[in-house]
2 protein chains.
Amino acid sequence: MSNRTKRFILPESEIPTQWYNIQADMVNKPLPPLNPATKEPLKPEDLYPIFAEELARQELNQTDAWIDIPEQVREMYKYYRSTPLVRAYGLEEALGTPAHIYFKNESVSPVGSHKLNSALPQAYYNKMQGVTNITTETGAGQWGAALSYAAKVFGLECAVYQVKISYEQKPYRRSIMQTFGAQVTPSPSMSTRAGKDILTKYPNHQGSLGTAISEAIELAMTTPNCKYTLGSVLSHVSLHQSIIGLEAEKQMQMAGEYPDMVIACFGGGSNFGGIAFPFMRHTIKEGKKIDFVAAEPASCPKLTRGVFQYDFGDETGYTPLLPMFTLGHNFRPANIHAGGLRYHGAGVIVSQLLKDGLMRAVDIPQLETFEAGTLFARAEGIIPAPESCHAIAATIREAQKCKETGEEKVILFNLSGHGLIDMTAYDQYFAGGLQNYELTDADVQKNIDELEKII
Amino acid sequence: MSNRTKRFILPESEIPTQWYNIQADMVNKPLPPLNPATKEPLKPEDLYPIFAEELARQELNQTDAWIDIPEQVREMYKYYRSTPLVRAYGLEEALGTPAHIYFKNESVSPVGSHKLNSALPQAYYNKMQGVTNITTETGAGQWGAALSYAAKVFGLECAVYQVKISYEQKPYRRSIMQTFGAQVTPSPSMSTRAGKDILTKYPNHQGSLGTAISEAIELAMTTPNCKYTLGSVLSHVSLHQSIIGLEAEKQMQMAGEYPDMVIACFGGGSNFGGIAFPFMRHTIKEGKKIDFVAAEPASCPKLTRGVFQYDFGDETGYTPLLPMFTLGHNFRPANIHAGGLRYHGAGVIVSQLLKDGLMRAVDIPQLETFEAGTLFARAEGIIPAPESCHAIAATIREAQKCKETGEEKVILFNLSGHGLIDMTAYDQYFAGGLQNYELTDADVQKNIDELEKII
């Protein structure tokens, strides 16, 4: 026991200096996003009014597999990267499984999640272009906290629309964003036309990521020298998050193992793509067999029960049309505590990969996620974010299968963030106050039927 | 800029395998703790009814400078150690100071503070001795959270008395302890004679560490196979915390610098001793000049305004008599948010060192600590615990002096924990709802006068 290594950390010189862009290696490229008015494939210039130009170019880049990480972003990465790869001996022992479980611990970032990996370059590229104000949406607040800090680092003003139910469930996250100097507004709000329209139609609307995106985009479009940023879904976010998997690959090498499975929770796809894509390049290029599993909430099951279809990325319809697995942009997810997973669609890259059978998805009920998170906390000492609990639950399912079969599978999952700001959720779980949300086929179908009108 | 290193992390093979016991090297040893009934110097056996035997021996060990860290504790340390040494470029730039500021980031421990360094060995030694239940007190909850997890690791039941004002100010810490499986009771409570007596005398008593210690000791004394553990003040806690300074010394070497000053916040002395004593051994043995600064709250100023005198470690008087700088064990500290610093006395080692001029202390008003913490958060991305804000404030004072004099001093401070569970305090600070608490000389003198009766 005494010589076993638990944490694998890369020397600073080994931190990747380029991000990996899986689009360049995909055999079937993602279908193009469309201009909703003309239905023409989008060009980077079409995105310039909303996004920093470099981010728009990265979004549609299907040719360059490797993109240099700017020096100033690498400087900031050094503050918390590499994050540790941890062998979860405690969890293995608690489960009595022969599986070897590893997790990439993104919760040690200063803001507590993987979101900083993309917040820093997004703030940086905006700053370089002379932008002064950035806006965004946030669900549970992990992305909003990361962007608030990144904006402060690069001297930008930051305005965040936080999904109302999360704003109320997790008041500390609002406080964290304010401590970093950001302005935070619960969404839907009366400060935008999108918000007003939604509140007029549904006075008790609890908010969703789709709604908050509409509000943030509208603010960006109506404010001088202001751009919008997004914390997941889009391809340039997965690009930045690839640092997770690139590091993990080197760290698995330090551990002398290679994953049979790579698991992450799934909201829009950024932490999943971040850890999975660098490994998946070996599947695409060398036929390496790895089981990639996205774990989504049973109450918001776009990958397991949605349809592959062009849809808007937001509730109001400000975004381009994206080819995605979706539940329809008017889908109103239940008030689960995993606020970061309450989104109707999946990013275009993941949607194509799922369609092509390069990955699979599982859906997990809320109570199972908290049971898994509690077991993990007691075994590993880290209280996981409700989002990350989905990855843990999927990992536990697989580890238990290994117990039955005796297989020593190597499972790698991404611990996307800690749950210290989500203790109310754990309190409610222990008090029996949480529930599962069952979706009938009719619930799922309702908004999907509307999609036919789109294209 | 591109080649500057921000974080220094030791390879696992370089993590210290022994703790450093400064008592062995001190020229003037601490005076002995006394049995309150006989006034005789305490022998380890006198502590066996309350503490695990090995911890009692460590407490009074004045001969062995190095104590082996047990293998099972080293295994657990590997999960989060070494903690990073970070060069605070962001803070330096925000201050425009020529000083080189480093901090040891203990906030990345799974439970968010340095407290786990001692919780693990304390739980371990109790387990080895066949103890089944452990009790403790906690202020802000950092120690309670650490012990709850350590108890779970080694299969012990854990009962925590949390200071009532902190229990109410920081409900998430209670939730964290419960997530790890501990029982948490706000103190003073009606579950002990000590608690009942205090509540009868002062019905609105908001609790203090001294009171919670009384309750936890009483529970240990009246429960079969149950021992008490303490998160600070005692010498064996500083011993375990020496891992901080031993790592920091190696890491400063990696950085190619040596500290001119070592700064830590001060409650009972464990994080201060932890980072300071390994450096101080070079002062004692080789005459190395280092300025050691303990930063305490102006509202609980035992080092700057207390007296050196034998006193009890708890409010009721269950502990041995300890030779300490103290405000009197009946001192009732103001309700500042730095709950971990609301303690009337200083550990016996620090008290002797302060008396001998080997270190100094500064006292800092609450508002200055939050101003410093906010500046640090925006510069470094980490929201510091209210306790740690005291160390940051003291560091900023020194860095500003360097700005005036042009000196490039190397300042090392201990970031004992993060403040993610303390966001209510930051909210109140931003809303102008926090205050300083001025102590008159009469306030300070009141409880000190009572001490004459003791010895």
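Described below are features of the structure shown in this document. This one's a predicted model, so the numbers in the text were calculated from it and none came from an experiment.

## Thoughts on the overall build of chain A
Secondary structure assignment for chain A yields 18 helices and 15 strands. Against the 2.2 N^0.38 benchmark of 23 Å for 455 residues, chain A shows a C-alpha radius of gyration of 20 Å, consistent with a compact globule. Counting all 455 residues of chain A, 66% fall into the buried class. Contacts spanning at least 24 positions in sequence make up 77% of the contacts within chain A whose residues lie at least 6 apart. For chain A, the accessible area works out to roughly 14500 Å², and carbon and sulfur atoms hold 48% of it. For chain A, the centre of its 41 positive side-chain charges and the centre of its 50 negative side-chain charges are spaced 2 Å apart.

## A closer look at the relation of the copies chain A and chain B
What connects the two chain copies is a rotation about an axis and a shift along it. It takes a turn of 180 degrees to lay chain A on chain B, together with a shift of 0.0 Å along the axis; the resulting RMSD is 0.0 Å. Read as a symmetry element, the transformation amounts to a two-fold axis. Among all residues of chain A, the one whose C-alpha sits closest to the rotation axis is Val108 of chain A, at a distance of 3.1 Å. The fraction of interface residues of chain A whose copies in chain B are also interface residues reaches 100%, indicating that both copies meet through the same surface.

## Overview of the packing of aromatic side chains
Enumeration according to the criterion identifies 31 aromatic pairs over all chains in this entry. Measuring from centroid to centroid gives 5.7 Å for Tyr124 of chain B and Phe154 of chain B, while their planes differ by 65 degrees, and the two rings are edge-to-face. Of this pair, Tyr124 of chain B sits in helix 5 (residues 116-128) while Phe154 of chain B sits in the loop between helix 6 (142-153) and strand 7 (157-163), and the two are 30 residues apart along the sequence. Pairwise contacts between aromatic rings join Phe370, Tyr426, Tyr429 and Phe430 of chain A into one cluster. A cation over a ring is seen here: Arg174 of chain A above Tyr167 of chain A, with NZ or CZ 5.9 Å from the ring centre. It is Lys355 of chain B that lies over the ring of Phe308 of chain B; its NZ or CZ is 4.9 Å from the centre.

## Here we look at unusual backbone geometry
Cis peptide bonds are those with omega within 30 degrees of zero, and the linkage from Ser187 of chain A to Pro188 of chain A qualifies with 5 degrees. Tracing the sequence through the fold places Pro188 of chain A in the loop between strand 8 (183-187) and helix 9 (193-201). You will see that Lys39 of chain B, though not glycine, has its phi angle at about 60 degrees, which is positive. By secondary structure assignment, the location of Lys39 of chain B is in the loop between strand 2 (18-20) and helix 1 (44-47).

## Thoughts on the sheet that holds strand 9 (residues 226-228) of chain A
Residue and element names in this part refer to chain A. Overall, parallel pairing links the four strands, which are arranged 8-7-6-9 in an open sheet. Only two strands of the sheet have a single partner each, and these edge strands are strand 8 and strand 9. For this sheet, the mean angle separating the axes of adjacent strands, direction not counted, is 20 degrees. Bridge count for strand 6 (residues 133-138) against strand 9 is three bridges, and the pairing is parallel. Among the inter-strand pairings, Asn133 is bridged to a residue of strand 9, identified as Cys226.

## Quick notes on the side chain of Glu137 of chain B
Residue and element names in this part refer to chain B. Assignment of secondary structure puts Glu137 in strand 6 (residues 133-138). Among the polar contacts made by the side chain of Glu137, one reaches the side chain of Thr136 at a distance of 3.3 Å. Polar side-chain contacts of Glu137 include one of 2.7 Å to the side chain of Tyr228. For Glu137, the residues in contact, after removing those within four places along its chain, are Trp143, Val160, Tyr161, Leu209, Ala212, Ile213, Ala216, Tyr228, Thr229, Leu230 and Gly231.

## Considerations on the sheet that holds strand 1 (residues 7-8) of chain A
Residues and elements named next belong to chain A. Across the sheet, seven strands lie side by side as 1-4-5-15-10-11-14; this open sheet has mixed pairing. Single-partner strands in this sheet number two, and they are strand 1 and strand 14 (360-364). Strands strand 1, strand 4 (85-87), strand 5 (100-105) and strand 15 (410-415) of the sheet are contacted by helix 11 (residues 235-255), whose axis makes an angle of about 140 degrees with strand 5. Docked against the sheet, helix 15 (residues 366-380) engages strand 5, strand 14 and strand 15, running at close to 95 degrees with respect to strand 14.

## Re helix 14 (residues 348-355) of chain A
All names here are of chain A. Summarising burial for helix 14: seven of the eight residues are buried, a large majority. Every buried residue of helix 14 is listed here: Val348, Ile349, Val350, Ser351, Gln352, Leu353 and Leu354. Immediately downstream of helix 14, the backbone of Gly357 shows phi near 75 degrees, a positive value.

## What about the packing of helix 5 of chain B against helix 11 (residues 235-255) of chain B?
All names here are of chain B. One can describe the packing of helix 5 onto helix 11 by two numbers: an axis separation of 8 Å at closest approach and a directional angle of 130 degrees. Put simply, helix 5 runs oblique to helix 11. Considering the relative orientation of helix 5 and helix 11, their crossing is right-handed. On helix 11, the residues that touch Asn117, Ser118, Pro121, Gln122 and Tyr125 of helix 5 are His236, Val237, His240, Gln241, Ile243 and Ile244. Partitioning the contact of helix 5 with helix 11 into residue classes produces five nonpolar, six polar and no charged.

## Observations regarding the interface of chain A and chain B
Listed as interface residues are 54 residues of chain A and, on the opposing side, 54 residues of chain B. Summed over both partners, the interface of chain A with chain B comes to about 4300 Å²; 55% of that surface belongs to carbon and sulfur atoms. For the pair chain A and chain B, the interface holds four salt bridges. Of the charged contacts, one joins Glu75 of chain B and Arg4 of chain A as a salt bridge, the two residues approaching to 3.4 Å between their closest N and O atoms. Elements with a contribution of two residues or more to the side of chain A that touches chain B: helix 3 (71-77), strand 4, helix 4 (89-95), helix 6 (142-153), helix 8 (171-179), helix 15 and helix 17 (423-430) of chain A. The element contributing the most residues to the side of chain A that touches chain B is helix 8 of chain A, with seven residues. Split into classes, the residues belonging to the side of chain A that touches chain B amount to 24 nonpolar, 15 polar and 15 charged.

## With respect to the pattern of salt bridges
Applying the stated criterion across every chain, the model contains 46 salt bridges over all chains. Among the salt bridges present, the one from Arg281 of chain A reaches Glu249 of chain A, with a minimum N-O distance of 3.1 Å. Separated by 32 residues along the polypeptide, Arg281 of chain A in helix 12 (residues 270-286) and Glu249 of chain A in helix 11 bring together distant segments of the chain. Taken as a pair, Arg281 of chain A and Glu249 of chain A share a single burial class, namely buried. Each of Arg4 and Glu93 of chain A together with Glu12, Glu75 and Lys78 of chain B takes part in salt bridges that share partners, so that together they form one network.

## What to know about the pairing of strand 13 (residues 321-326) of chain A
Residues and elements named next belong to chain A. Within strand 13, six of the six residues are buried, leaving the element largely enclosed by the surrounding structure. Going residue by residue along strand 13, you find Leu321, Pro323 and Phe325 tucked away on one face and Leu322, Met324 and Thr326 tucked away on the opposite face as well. Both strand 12 (residues 307-312) and strand 13 contribute to a ladder of six bridges, which runs antiparallel. For Val307, the partnering residue across the bridge sits in strand 13 and is Thr326.

## Re the packing of helix 12 of chain A against helix 14 of chain A
Residues and elements named next belong to chain A. Relative orientation of the contacting elements helix 12 and helix 14 amounts to 55 degrees, with a least axis distance of 12 Å. The orientation of helix 12 relative to helix 14 falls into the category oblique. The interaxial crossing formed by helix 12 with helix 14 has left-handed handedness. Here Phe272, Phe277 and Met280 of helix 12 lie close against helix 14, whose contacting residues are Ile349, Val350 and Leu353.

## Notes on the side chain of Asn61 of chain A
Residues and elements named next belong to chain A. Mapped onto the fold, Asn61 is located in the loop between helix 2 (53-59) and strand 3 (66-68). Classification of Asn61 by relative accessible area gives buried; the value is 13%. The contact partners of Asn61, leaving out residues within four places of it in the chain, are Asn21, Gln23 and Ile67.

Rules and cut-offs
Residues numbered from 1 in each chain as written. Chains lettered and ligands numbered in written order. Predicted model: local features only at pLDDT ≥ 70, side-chain atom pairs only at ≥ 80, totals over all residues. Heavy atoms only, no water. Helix = DSSP H or I, 4+ residues; strand = E, 2+ residues; numbered from the N terminus. Rg over C-alpha atoms; globule rule 2.2 N^0.38 Å. Buried < 20%, exposed > 50% of the residue type's maximum accessible area, 1.4 Å probe, protein only. Contact = heavy atoms within 4.5 Å. Areas by Shrake-Rupley, 256 points an atom, 1.4 Å probe, with all protein chains shown as cover. Lys, Arg positive; Asp, Glu negative; His and termini not counted. Charge placed at Lys NZ, Arg CZ, Asp CG, Glu CD. Least-squares fit on C-alpha atoms with pLDDT ≥ 70 in both. Phe/Tyr/Trp six-rings, centres within 6.5 Å; stacked < 30°, edge-to-face > 60°. Lys NZ or Arg CZ within 6 Å of the ring centre and 35° of its normal. Pairing = 2+ DSSP bridges. Axes fitted to C-alpha atoms, helices over the stretch in contact; angles between N-to-C directions. Polar contact = N/O pair within 3.5 Å; in protein donor to acceptor, adjacent residues only side chain to side chain. Parallel < 35°, antiparallel > 145°, perpendicular 65-115°, else oblique. Left-handed = near helix turned anticlockwise from the far one by under 90°. Nonpolar A, V, L, I, M, F, W, Y, C, P; charged D, E, K, R; others polar. Buried area = accessible area lost by both parts, 1.4 Å probe. Salt bridge = Lys/Arg side-chain N within 4 Å of Asp/Glu carboxyl O.

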